[in-house]
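Fold and contact review
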Amino acid sequence: MKTELIKIHERNFNTSPSLFFFSPGRVNLIGEHTDYSGGYVLPISISLGIYAAVSLREDKGIYVYSDDFRSLGVIQTKEPYRYNQSQGYMNYIEGILSVLKRDGYCIGKGLNISLLSTLPKSAGLSSSAALEVLILTLLNDLNDLKLSKKQIVTYAKEVENTYIGVSSGVMDQFIITFGQENQALLLDTETLDYNLIPFDFENYQLVLMNTNKARDLVDSAYNERFNSIEKAKQYFDKPLGKVSLPLYKANVHQFNDLLQKRVLHVVTENARTKAAYEALKVHDYDLLGRLMVESHRSLRDDFEVSCKELDYLVDKNLSYGAAGARMTGAGFGGTMVALYSNETLLNFDALKKAYKAKFDLELDIYIAQGAAGAKSIEGEF
Ligand code: GLA
């Protein structure tokens, strides 16, 4: 990976990079669509992610090349920063520069930045948050901005919400910044208090299956769910994410049928997420698996953010002996995660063929490995 990244950098900038950074993707084990109502999430940072190689420039320009968007070539960031769809991934970078500039941070260093990703895009594994946190981390380090990790999370989320226009919660930016290798992270998205808990990668595998389904409508569908949860919040005198099932039942008559289902998902998912953390604490991976399956059913039936490809993969993996399986991330396509103990790990060739025959889509499969949050890296990679 490093050799390839150096070559890419030299080819595009005629100079060798002197610094390297990495930002992981994330898999959410459980706690889905709960992070914009002050609830709980339990994600884990993974070794699929985005690498950056950087060389310093004599002038103050910031030039970026991404191997995922070759046709865009090398792009120079330009003021005034304004969202422009044809600029693609550069919007994230300019969004970050604009919020830092607004708050008086001096980005004095001229930089050449090359990006190389192992993280599938639009797959529900948080490639956009990985890019935001990567750029903030490298600008912070190289310009000595002294941003705390919490500030990095806040700026990354602000860019996603206001510059890109997706009303996402805080989970992705938080785990990508605060993640520790081989640890899941239980986050209270209301207080931002968190607890790390080891995930036993020696005896269990997280198998990721990317549906490769086009997700054109995911942002609008996501914002629609966000808005309906906003509506429900006014009926409670505490954050929705802290509402118990009895309290929900006492208030449910005030909601229409659809909102009842949406809120029921949030309430039950929070209980499952805390239970999953407790299960990890006592190494009960069977229970974790069952909670994942319940989570998927609730996302499918009550929150209605799954799709036939994800439902099919969940059922297939359970029939293959997975301890648990569910969609991960925003849904409407993206990735399914299955939990397997080492003894039951199988060959998925037949599943790939069957999936292709049924949906006319390729099925990409990855075995997740743990990785720490975004940081500068040295040595081989
Ligand atoms: C996306 C958002 C997150 C979260 C998940 C659903 O990944 O970025 O904030 O809401 O969807 O759990």
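Up top you'll find the structure we're talking about.
As the structure is a prediction and not an experimental result, all values here were calculated from the model.

**Some remarks on the packing of aromatic side chains**
Inspection of every chain in the model, using the stated rule, returns 21 aromatic pairs. Ring geometry for phenylalanine 174 versus phenylalanine 178: centroids 4.3 Å apart, planes at 10 degrees, classification stacked. One end of the pair is phenylalanine 174 and the other is phenylalanine 178, both in helix H5 (residues 171-178) and four residues apart, which spans about a single turn. On the basis of relative accessible area, phenylalanine 178 is assigned to the buried category, the value being 10%. One aromatic cluster is present, formed by Phe20, Phe22, Tyr51 and Phe381 through successive ring pairs. Positioned over the ring face of phenylalanine 69 is lysine 121, at 5.2 Å from the centre of the ring. The side chain of lysine 149 reaches across the aromatic face of phenylalanine 178, ending 5.6 Å from its centre.

**Description of the site of the ligand**
Near the ligand, the surroundings consist of Arg26, Glu32, His33, Asp35, Tyr36, Ser168, Gly169, Met171, Asp172, Tyr222, Gly329 and Ala330. Between an oxygen atom of the ligand and a side-chain N or O atom of glutamate 32, the distance comes to 2.6 Å. Separating an oxygen atom of the ligand from a backbone N or O atom of histidine 33 is a distance of 2.7 Å. Computed on the free molecule, the ligand has an accessible area of 310 Å², of which 91% lies beneath the protein chains in the complex. Taking a 2 Å distance to the grid points as the criterion, the majority of the atoms of the ligand fall inside the largest pocket. Grouping the constituent residues of the shell around the ligand by class yields four nonpolar, four polar and four charged. Each of two domains, domain 1 (2-196) and domain 2 (201-368), supplies a minimum of three residues to the shell around the ligand.

**Quick notes on the environment of lysine 261**
Take lysine 261: it is sitting in helix H8 (residues 257-281). For the pair lysine 261 and serine 298, spaced 37 residues apart in the sequence, the C-alpha separation amounts to 9.0 Å. Non-local contacts of lysine 261, meaning those with residues more than four positions away in its chain, are made with Asp301, Asp302 and Glu304.

About the cut-offs
- Residues numbered from 1 in each chain as written.
- Predicted model: local features only at pLDDT ≥ 70, side-chain atom pairs only at ≥ 80, totals over all residues.
- Heavy atoms only, no water.
- Phe/Tyr/Trp six-rings, centres within 6.5 Å; stacked < 30°, edge-to-face > 60°.
- Helix = DSSP H or I, 4+ residues; strand = E, 2+ residues; numbered from the N terminus.
- Buried < 20%, exposed > 50% of the residue type's maximum accessible area, 1.4 Å probe, protein only.
- Lys NZ or Arg CZ within 6 Å of the ring centre and 35° of its normal.
- Near = heavy atom within 4 Å.
- Polar contact = N/O pair within 3.5 Å; in protein donor to acceptor, adjacent residues only side chain to side chain.
- Areas by Shrake-Rupley, 256 points an atom, 1.4 Å probe, with all protein chains shown as cover.
- 1 Å grid on protein atoms, 1.4 Å probe; cavity = no way out; pocket = protein on both sides within 12 Å on 5 of 7 lines; lining within 4 Å.
- Sits in = over half its atoms within 2 Å of the grid points.
- Nonpolar A, V, L, I, M, F, W, Y, C, P; charged D, E, K, R; others polar.
- Domains from an automatic or database assignment.
- Contact = heavy atoms within 4.5 Å.

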